[in-house]
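Summary of the model geometry
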Amino acid sequence: MRQDRRATRRAGRLAAVLTGCLLAAALPATTGHARSATPAGAAVHEAEDGDLRGVTVASTASGFSGTGYVEGFDTADDQVTVTIPDSPGGLHDLTVRYRAPYGSKVTSLLLNGGGAGDVPLPESQVFTSADAGRVLLRPGDNTVTFRSNWGWYEIDAISVSPTPPRGPHRVVGTPADPRATPEARSLLRYLTDNYGEHTLSGQQDMDSLAWVEDNVGRPPAVAGLDMMDYSPSRVERGTSSKEVEHALAWHGRGGITAFVWHWNAPAGLVDEPGREWWRGFYTDATTFDLAAALADPSSEEYRLLLRDIDAVAAQLSRLRDAGVPVLWRPLHEAEGGWFWWGAKGPGPAKELYRLMYDRLVGHHGLHNLLWVWNSLDPGWYPGDDVVDIVSADIYPPAGDHSAQSGAYERLVELVDDTRLVALSENGPIPDPDLTRAYQAHWSYFTTWSGGFVKDGVSNSRAHLDHVYHHRDVITLDELGDFTHHGGCRADWEVVGDWDDGHLVKVTVTNEGDKPLPGWRVGANRAPGTTLNDHWNARVDTTATGWSARNLRWNAVLEPGRGTSFYLRWTTAEPVALSPSLSCGPDELVHGRR
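Residues numbered from 1 in each chain as written. Predicted model: local features only at pLDDT ≥ 70, side-chain atom pairs only at ≥ 80, totals over all residues. Heavy atoms only, no water.

The name an unreviewed UniProt entry gives the protein is Glycosyl hydrolase, with Streptomyces cinereospinus as the organism. Under the heading Sequence similarities (unreviewed entry), UniProt records this for the protein: "Belongs to the glycosyl hydrolase 26 family." (UniProt positions renumbered as here; feature names shortened; annotations may be inferred.)

Shown next, in the form of structure tokens:
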């Protein structure tokens, strides 16, 4: 299935259509990541001074910096390489100054000759700046290369500035569904507690998962499964599926279940060579018009949408009744347009997502679902009230194990760091050493099936061994009982004010069903705030955040019980003292830190 998708997208790129998961970190509508100015204090390096291959220096367009800009990115190997001299090393933010007058584009980024992800270049008739992610520079000289990818753009300059330390995440781990089952709540708490410390390993397809277990020696923690063959327009043509049985068996082994749905269109299947009925989730294989169906709730097409959602609900209810929480990722990759649910733009896609949420949660009572949104573009985001996790599908070139920090940071920005961020599909697995160095805290990864895990090219056996035996990566044998995982909530209250001083009370409550042996609370810290004093907790601050941990006497919290600590702040704006708090157990998770 994925092999066909790769071929389709490769052909699409040649036709100048932005394509597939290979570019999922860099889709054209991500206009929220264009910048108008170089960051203050950044070192600027002009592209025209770089090493050119297949490109030329021009100066006809106005508004460039330096003596010119680089143009001519029209074949696959065209590139410009800019040297960053005499770097002290360390993690840096990278900004690219560019112009894209012919529509939104994508450039491939290389650091010192190695893949570093793709960078979206939103359409711009004038020279502007875009966030190119982060780069881990070595001491001395470094090179940054921009390679054509989806070309016909112009590169003017780059700028680099040291990356500030990341403060504590603001993820609170409260499900969007207020009636979420205890198992779903516990799973989300478990993922939240590990966020920033560990990444869960995942593998799509049970056959590929078994291959990992047999050949690497450690089974993944997350099994990726597909509702595809439960789609009514496939069932009526003779398909059947055992994916729910696989999920039940996997849950019996103590694993986490994630489901995607390659939703065969409800009607209008073209069914001709190259556009067969079984490819009916692709836009070009169906005439089904989502916008028209949603516009007329009395239409047959609308009824068919509900029929299909109800058919999948029948399968998900089997998992609910068995106490299985599900990482549910519907309408994936919508913004790419290659699937029919994204073909009519963000409005219909978001409306369909909300219709599905209301139907599954409200009508069918499926409260065992954690809702995973799968898009980087703010214009497609359906809203915090219906999303638990945000994710990306990323397929860099074979053997590229970079951290994919650009996509990660865009997702963090999308939800203001209030939701978990996951790598819901991947080809090459990011190197855990690099994800830690880049502060790219992917909650979990899910390697696609078949050759992506077995061919020894996308992921070599040595790399799989490195990942699956890494101290930062959780495998099935290390999960524990995530369906009865303790969690806590932290509530913030200003209890005293004087001039620019404020006394804050933070109450920590154990929301789990077992004693909490210790707790920690953290939040971002607004500029201009100063912590003057604290009591009933150990408190540390950084330039951007703060964290508090229990003392010996108030460490253990019984289920439903709480404790409070106090912070005395100075700030001119009391509103700056109202952060979103993260709360979790302060303990060695799985015996590892």
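Alright, that's what it looks like, and here's the rest.
Here we come to the sheet that holds strand S26 (residues 530-535). Pairing in this open sheet of 4 strands is antiparallel, and the strands run S23-S24-S29-S26 from one edge to the other. Lying at the two open borders of the sheet, with one neighbouring strand each, are strand S23 (488-498) and S26. Adjacent strand axes in the sheet meet at a mean angle of 25 degrees, parallel and antiparallel pairs treated alike. As paired elements, S23 and strand S24 (residues 501-510) share 10 bridges and run antiparallel to each other. What sits directly across from Asp 497, in S24, is His 502. (Pairing = 2+ DSSP bridges. Helix = DSSP H or I, 4+ residues; strand = E, 2+ residues; numbered from the N terminus. Axes fitted to C-alpha atoms, helices over the stretch in contact; angles between N-to-C directions.)

What follows is about the UniProt feature "active site" (unreviewed entry) in the protein. UniProt records the feature "active site" (unreviewed entry) at Glu 333 and Glu 425, using the numbering of this structure. Spanning 93 residues, the named residues form one tight spatial group whose C-alpha atoms are at most 10.3 Å apart. Relative to the assigned elements, Glu 333 resides in the loop between strand S17 (326-329) and helix H8 (346-363). By the element assignment, Glu 425 lies in strand S20 (residues 420-426).

Given a rise of 1.5 Å per residue, 22 residues ought to cover 32 Å, and the 31 Å separating the end C-alpha atoms of helix H7 (residues 300-321) matches this to within 8%. Remark: the principal bend of H7, roughly 25 degrees, maps to Gln 315. For H7, the set of buried residues is Tyr 302, Leu 304, Leu 305, Leu 306, Asp 308, Ile 309, Val 312, Ala 313, Gln 315, Leu 316, Ser 317 and Leu 319. Downstream of H7 by one or two residues, Gly 323 has phi in the positive range, about 75 degrees. (Expected span 1.5 Å × (residues − 1). Bend = angle between axes of the 7 residues up to and from the residue. Buried < 20%, exposed > 50% of the residue type's maximum accessible area, 1.4 Å probe, protein only.)

What follows concerns the pairing of strand S9 (residues 114-121). The side chains of a regular strand alternate between both faces of the sheet. Relative to S9, strand S8 (residues 105-111) runs antiparallel, the two being bridged by 6 bridges. Across the sheet, residue Lys 105 finds its bridge partner in S9, namely Leu 121. Once S8 ends, the chain turns through 2 residues before running back antiparallel as S9, passing Asn 112 with a positive phi of about 50 degrees.

Considering all chains together, one arrives at 24 salt bridges under this definition. Between Arg 97 and Asp 156 there is a salt bridge, with its nearest N and O atoms 2.9 Å apart. With a gap of 59 residues between them, Arg 97 in strand S7 (residues 90-100) and Asp 156 in strand S12 (residues 154-162) connect regions that are remote in the sequence. Across the pair, exposure class does not vary: Arg 97 and Asp 156 are buried alike. Across the pair Arg 329 and Glu 425 runs a salt bridge, and its minimum N-O distance is 3.1 Å. (Salt bridge = Lys/Arg side-chain N within 4 Å of Asp/Glu carboxyl O.)

On to unusual backbone geometry. Despite not being glycine, Asn 149 shows a phi value in the positive range, around 55 degrees. The phi dihedral of Asn 536 is positive, around 75 degrees, even though this residue is not glycine. Along the polypeptide, Asn 536 turns up in the loop between S26 and strand S27 (538-541). Judged by its relative accessible area of 23%, Asn 536 falls in the partly exposed class.

A few words now on the nonpolar core. Of all hydrophobic cores here, the largest spans 133 residues; its most connected members are Leu 200, Trp 263, Leu 327, Trp 328, Leu 352 and Leu 360. Excluding its chain neighbours within four sequence positions, the residues that come into contact with Leu 200 are Tyr 190, Leu 191, Ala 221, Val 222, Ile 256, Ser 443, Tyr 444, Phe 445, Ile 474 and Leu 479. Of all hydrophobic cores here, the second largest spans 20 residues; its members include Cys 488, Ala 490, Val 508 and Leu 567. (Core = buried A, V, L, I, M, F, W, Y, C linked by side-chain atoms within 4.5 Å. Contact = heavy atoms within 4.5 Å.)

The next subject is the packing of H7 against H8. Between H7 and H8, the least distance of the axes is 10 Å, while the angle of their chain directions is 50 degrees. In terms of their interaxial angle, H7 and H8 are classed as oblique. For the crossing formed where H7 meets H8, the hand is right-handed. Between H7, through Tyr 302, Leu 305, Leu 306, Ile 309, Asp 310, Ala 313 and Leu 316, and H8, the contact on the second element is made entirely by Leu 352, Leu 355, Met 356, Arg 359 and Leu 360. Looking at the contact of H7 with H8, its residues break down into 10 nonpolar, no polar and 2 charged. (Parallel < 35°, antiparallel > 145°, perpendicular 65-115°, else oblique. Left-handed = near helix turned anticlockwise from the far one by under 90°. Nonpolar A, V, L, I, M, F, W, Y, C, P; charged D, E, K, R; others polar.)

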